[in-house]
Structure formats: C-alpha cells, structure tokens
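# Structure at a glance
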Amino acid sequence: MTLDTDVIVIGGGPCGLMLANELGRRGVRTILLDQDAATATNPQANATQARTMEHYRRLGFADEVRAQGLPGDYPTDIAYFTRYTTHELARFELPSSKAATELVKGLGGSWSAAELPHRVSQMFVERVLLRHAAALPTVSIRHLMRATDSTDHGDHVSVVAEPTQGGPATTLTARYLVAAEGARSRTRQALGIRLEGPGIERNFMGGRMHALFFRSREFYDLIPHPKAWMYWAFNPQRRSFLAAVDGDGEFNFHCQLWPGDPEDPTEAQVRQMLFQAMGREFELEVVGRASWMAGLALLAERFGQGRQFLAGDAVHLFTPTGGLGYNTAIEDAVNLGWKLAALVNGWGGPGLAASYEIERRPASARNLSFSRAFADSVGLFAPDPRIEDDTAEGAAARAHAGAYLNRHSRAEFNIPGITFGMRYDGSPLLSPDGTLPPADEANRYEPTACPGGRAPHLWLADGSSLYDHFGFDFTLLRLNTATGTPPATDIPLTLLDLPGEEARTLYGADYALIRPDQIVAWRGDAPPSASVLERAVGK
Ligand SMILES: Cc1cc2nc3c(=O)[nH]c(=O)nc-3n(C[C@H](O)[C@H](O)[C@H](O)COP(=O)(O)OP(=O)(O)OC[C@H]3O[C@@H](n4cnc5c(N)ncnc54)[C@H](O)[C@@H]3O)c2cc1C
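Summarised in this report is the structure supplied together with it. Because the structure is predicted, anything quoted here is derived from the model rather than measured.

This brings us to the sheet that holds strand β10 (residues 170-174). Spatially, the three strands line up as an open sheet ordered β8-β9-β10, and their pairing is antiparallel. Of all the strands in the sheet, the pair left with one neighbour each is β8 (145-152) and β10. Across the sheet, the mean angle separating the axes of adjacent strands is 25° when strand polarity is ignored. In the sheet, β8 pairs with strand β9 (residues 157-163) via seven bridges, with the strands oriented antiparallel. Bridge assignment links Asp149 to a residue of β9, and that residue is Val160.

Here it is, written out as structure tokens:
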C-alpha cells in the first residue's frame with residue numbers, strides 16, 4: 001500500500017513544530033495539520049529553558065530564537081512589588097540576552113552549558129520553529145485543517161482532516177501519527193486515555209486566571225523602579241504577574257480571579273484588575289485576552305497506543321511556575337523525533353516505540369512535581385493585610401515578604417538542575433555502568449556521564465561548544481588518547497575524538513556513546529559492543 005506520508009503530526013504548537021523539524025531534518029516525510037490559520041497570536045509561555053535552547057542550537061537556530069522578543073540589552077530581572085508604582089519588595093537580577101551569549105562561555109559547574117535560558121514569548125519562538133519546519137523539503141505544513149478522526153490499522157494509521165473554512169474532508173495515511181494537539185487532545189480522549197492528578201486551589205497560581213495582552217506607551221514611565229522582565233504584584237487585593245513581551249510597550253498580564261468574580265470578566269473589569277496591580281490607572285490598548293487555569297498538575301495514564309503517539313500538553317498539564325510546560329513539550333518532540341526517524345529510515349528496532357513512554361512519562365512527572373512545588377512556594381505565601389500600610393508594621397511586613405520572595409525567585413528562576421538534570425534511568429535503551437547519578441536537585445546540576453543523562457558539556461579551545469561537533473544522530477566520543485573503532489552497523493554514527501585529560505575526567509571513561517538527543521547511552525574503556533549499539537536503538 002502506498003502511504004501519503006511517513007508521519008502525520010496533529011498540532012502546530014511548539015511540540016508539533018519541533019517534531020516536524022526533527023523529522024524533516026532526517027528526511028522523514030511529514031504532514032503537519034493545524035486547525036488555526038497560523039502560529040499563536042497570544043504570547044503564552046514566557047521562558048525558553050537552557051536545555052531547550054541547546055536543542056535549538058543543535059538544529060541551528062538558537063541565535064535566531066535569542067534575537068526574538070526583548071531587545072538584546074533589556075534586563076531579564078524578576079521583580080516583586082506590592083503594586084508596580086509603589087513598593088518594590090524583591091528582585092532577582094538576570095542578564096540580558098546579549099550578555100547571556102557571552103556569559104555562558106565563562107560559566108562552569110551547574111551552568112556548564114552551550115546556552116543559557118532565553119526569556120521570550122512563545123509566540124515569537126513558534127514563528128521561528130514554523131519557518132524552519134516549512135523550509136524542509138519533506139515537511140508539509142497544512143494550516144486550517146482540523147483532524148477529526150484517526151485509526152490505527154496495525155501496519156499504518158489513517159487520519160480524517162477537515163478544512164476549517166469548509167470543503168470536503170480528506171483521509172490521509174501514514175506509518176505513524178503524533179497528536180501534539182494541546183490540552184483538549186481529541187486523540188487522547190478517543191483512545192480513552194485519562195489525565196490524572198490534582199487541580200490545586202491556592203492564594204495564587206491555583207484557580208481561574210485571566211490574561212490580558214496589551215500595549216502601553218506610559219507603562220515604563222510611571223514605574224519608579226528599574227525595568228524588569230517580570231513584574232509580580234503582591235498585595236491582599238489581587239495577585240498577578242506581568243511579563244514584558246517586546247521591551248517596547250507590549251506586555252502580557254495574568255491575574256487570578258477570586259471565587260466571586262464573573263465567569264468571563266469583561267474587558268473593563270480586567271483593565272481594573274491591571275490598574276490594581278499597577279496602583280493607578282494608565283493608558284493602554286488591549287491586543288488580546290484569554291482565560292486559563294492555574295493549579296493543574298496533570299499527567300496522562302499513557303503516552304499513546306500502537307502507532308498513535310501523544311506529546312506535549314496533550315499528555316501533561318502544568319501550572320506555569322518554573323516555566324516547564326512548553327519546555328517539557330519540546331523534550332517530548334526531541335525524544336520522539338529521532339526514534340520515529342530511526343524506525344522510518346530502517347535502523348531503529350521495535351523497542352524504540354515503547355521507549356518513548358518509558359522515558360518521557362517519568363520525566364514529565366518529575367517536571368510536574370518541581371512546578372507544583374514552586375506553585376506552592378509562591379502561591380501559598382499570602383500577603384500580610386498590613387503590607388501596604390505606612391507604619392512600622394507595614395514596613396516589617398514588606399521586609400518579611402521581600403526576604404521570602406528573594407529566596408523564592410532564586411529557587412524558581414535559577415534551575416540548572418531541572419533543566420540539565422533530567423534523566424532516563426531504567427530505560428531499556430541504556431547500558432548502565434553500575435554508577436549512580438547525583439541527587440536530582442532543582443537548583444544544582446552536577447555534570448555526569450553516568451548513562452541516562454545529558455552529555456556533559458565543554459567549551460573547546462577554539463571557542464566552540466562540544467555539542468557543535470556531535471553528529472546529528474549517534475556520536476561515539478573517543479576521549480583523550482582512545483582510538484578504538486566500534487563494530488560496523490547500519491546506525492548513523494559519528495566518531496568524535498576529544499583529546500585531553502579534562503574531557504576524559506569529565507566523562508569518566510575512554511569512550512561514551514551519545515544519542516541523537518545528547519543523552520549518554522553508554523560509557524566504557526573499550527569501544528562499545530554490537531549489543532550496546534543495538535540496545536541503544538531498541539533492537
Ligand atoms: C499563561 C501561560 C503561561 C505559560 N508559561 C509557560 C512558561 O513560561 N514556560 C513553559 O514551558 N510553558 C508555559 N506555558 C505552557 C505552554 O504554553 C504550553 O505548555 C505549550 O503551548 C504546549 O505546547 P503544545 O505544542 O503541546 O500544545 P499547544 O501549544 O496547545 O498547541 C496545540 C496545537 O494543536 C492545534 N490543534 C488542536 N486540536 C487540533 C485538531 N484536532 N486538528 C488540528 N489542530 C489541532 C491547536 O490549534 C494548537 O495550534 C504557559 C501557558 C500559559 C497558559
């Protein structure tokens with residue numbers, strides 16, 4: 001039977017677009033369907049974590065992403081106020097994007113990385129992901145097409161797609177289907193797979209939220225404090241946060257609705273909520289509004305069935321504290337991308353398909369628990385009713401809140417352990433060496449080549465990143481003076497010599513096998529055996 005394509009991806013959010021890039025870069029024929037006319041027009045996620053930036057670097061467009069959003073010299077501070085125009089309570093100063101590019105080259109330890117985080121609205125990143133996916137010859141992006149049904153026929157899948165602006169439905173066939181359809185995933189529901197976990201109510205970051213995307217020329221001039229990237233309002237009347245979108249007058253404001261607030265507040269009501277955070281009225285133009293729910297920590301029972309895979313928000317729903325929803329969705333796409341490509345291109349074994357859920361479900365559960373702890377930390381800490389008083393008690397309440405929020409911001413926004421420390425221990429694709437990984441801590445990352453985690457990073461003498469020399473699929477690192485060769489297989493494998501004691505010490509072995517997603521699959525003091533290589537590709 002002739003199939004229309006190799007992989008059908010439903011959903012052109014960050015997860016689906018990243019997957020189309022991973023597949024297309026490996027020559028896999030891919031059709032991506034999205035019901036909308038274009039990528040998101042609402043800013044949505046605010047933070048691209050360092051690990052996600054490293055993946056964008058691997059695909060060759062990290063610099064393009066880093067140029068999006070705020071101007072290069074705009075500070076990315078996170079600041080807390082009673083109201084933006086009154087008392088500043090706490091501030092975590094972070095570098096501008098221009099400074100980050102230089103800074104990373106001198107960092108070691110927890111921040112030994114090819115890229116630092118980038119504070120940028122998701123809508124800008126999606127445009128870059130789309131531009132690159134659409135330029136790949138084997139990728140076809142089809143907007144304004146809604147998938148309404150899908151069937152696993154055992155040896156292929158079919159998907160019914162309807163043009164959202166009218167016209168006849170078409171049926172497309174492929175070897176695999178990936179539903180990256182977001183929170184309301186039709187495919188997940190059709191497969192009878194439930195999302196499990198709590199929806200938690202809190203003073204903040206637990207309950208109904210409303211987002212207001214606006215423009216204002218006046219905003220910066222009215223605030224008697226240094227510019228920040230994120231502005232949090234901490235007062236008993238209403239809690240909220242606001243992120244600068246373009247650094248030139250565009251902002252995205254998110255406030256929590258109280259139980260008595262209208263189900264669907266009017267624009268005038270939301271403006272008043274913004275003025276409460278600001279501490280005064282000001283001129284603004286509304287660009288867009290959206291409702292969303294904070295307090296969720298939901299994980300799907302399964303990440304797919306047969307030839308149908310689920311990824312991104314379709315299988316995990318976060319409260320945005322820690323900024324992990326979109327970043328976890330990107331890592332799903334990275335994991336699934338090379339595996340589906342290996343299956344389509346013939347060098348992957350039958351174990352690869354099942355390994356997706358085995359690896360990504362625990363990783364998602366881990367990230368969910370970190371984001372939930374951050375939401376508890378900031379959301380259960382309620383403002384003292386006297387915090388705005390011009391009295392000694394008011395000053396003491398502000399000092400107390402400031403000390404707490406200074407601690408909290410450093411815990412939530414400096415997370416090398418979360419971003420680099422994610423591991424796939426227990427995966428059948430790995431060959432463990434009997435060593436144990438370091439403790440999994442949010443704010444501390446200890447580079448380790450213990451199989452199952454991210455390959456330790458190094459800056460090379462010529463100023464390039466070690467990662468820039470990895471192959472696009474598997475890489476065998478030969479450290480210091482190692483010269484052995486692996487057995488011949490059909491696995492695309494780049495041999496990379498890394499002389500010097502420093503690299504040998506960092507990796508703790510003469511050889512290390514690095515997967516396409518830059519995870520260490522194996523390390524040892526002789527070249528990997530055929531069975532190590534076969535295990536790594538699910539044979
Ligand atoms: C206020 C807010 C702040 C956030 N902040 C952060 C943050 O700082 N960091 C972070 O990591 N995450 C954050 N997130 C979460 C982040 O936005 C999501 O996790 C992310 O968008 C998930 O990407 P996705 O591709 O899985 O799904 P989505 O972005 O939801 O994309 C799904 C796509 O599928 C399409 N689709 C759905 N059904 C069909 C169908 N049947 N046929 C065709 N197309 C279909 C949709 O139109 C959509 O384009 C935030 C979320 C919110 C609401």
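By size, the foremost hydrophobic cluster in this structure holds 79 residues, and its most contacted members are Val7, Tyr56, Leu340 and Leu513. In terms of residue count, helix α9 (residues 325-345) provides more of this core than any other element does, 12 residues in total. Formed by 52 residues, the second largest nonpolar core is a distinct cluster that contains Ala228, Phe241, Ala243 and Ala401.

Before going further, it helps to spend a moment on unusual backbone geometry. Positive phi values are uncommon outside glycine, yet Leu144 reaches one of about 60°. Inspection of the secondary structure assignment puts Leu144 in the loop between β7 (139-143) and β8. Positive phi outside glycine occurs at Asn480, with the angle close to 55°. With respect to the helices and strands, the residue Asn480 is situated in the loop between β22 (474-479) and β23 (493-498). Its relative accessible area of 24% is what places Asn480 among the partly exposed residues.

Contact pair α9 / helix α10 (residues 351-379): the axes reach a minimum separation of 10 Å and the direction vectors enclose 170°. In terms of their interaxial angle, α9 and α10 are classed as roughly antiparallel. Residues Thr328, Glu331, Asp332, Asn335, Leu336, Trp338, Lys339, Ala342 and Leu343 of α9 lie in contact with α10, whose contacting residues are Leu352, Ala353, Ser355, Tyr356, Glu359, Arg360, Ser364 and Asn367. For the contact of α9 with α10, the per-class residue count stands at seven nonpolar, five polar and five charged.

Analysis parameters
Residues numbered from 1 in each chain as written. Predicted model: local features only at pLDDT ≥ 70, side-chain atom pairs only at ≥ 80, totals over all residues. Heavy atoms only, no water. Pairing = 2+ DSSP bridges. Helix = DSSP H or I, 4+ residues; strand = E, 2+ residues; numbered from the N terminus. Axes fitted to C-alpha atoms, helices over the stretch in contact; angles between N-to-C directions. Core = buried A, V, L, I, M, F, W, Y, C linked by side-chain atoms within 4.5 Å. Buried < 20%, exposed > 50% of the residue type's maximum accessible area, 1.4 Å probe, protein only. Parallel < 35°, antiparallel > 145°, perpendicular 65-115°, else oblique. Contact = heavy atoms within 4.5 Å. Nonpolar A, V, L, I, M, F, W, Y, C, P; charged D, E, K, R; others polar.

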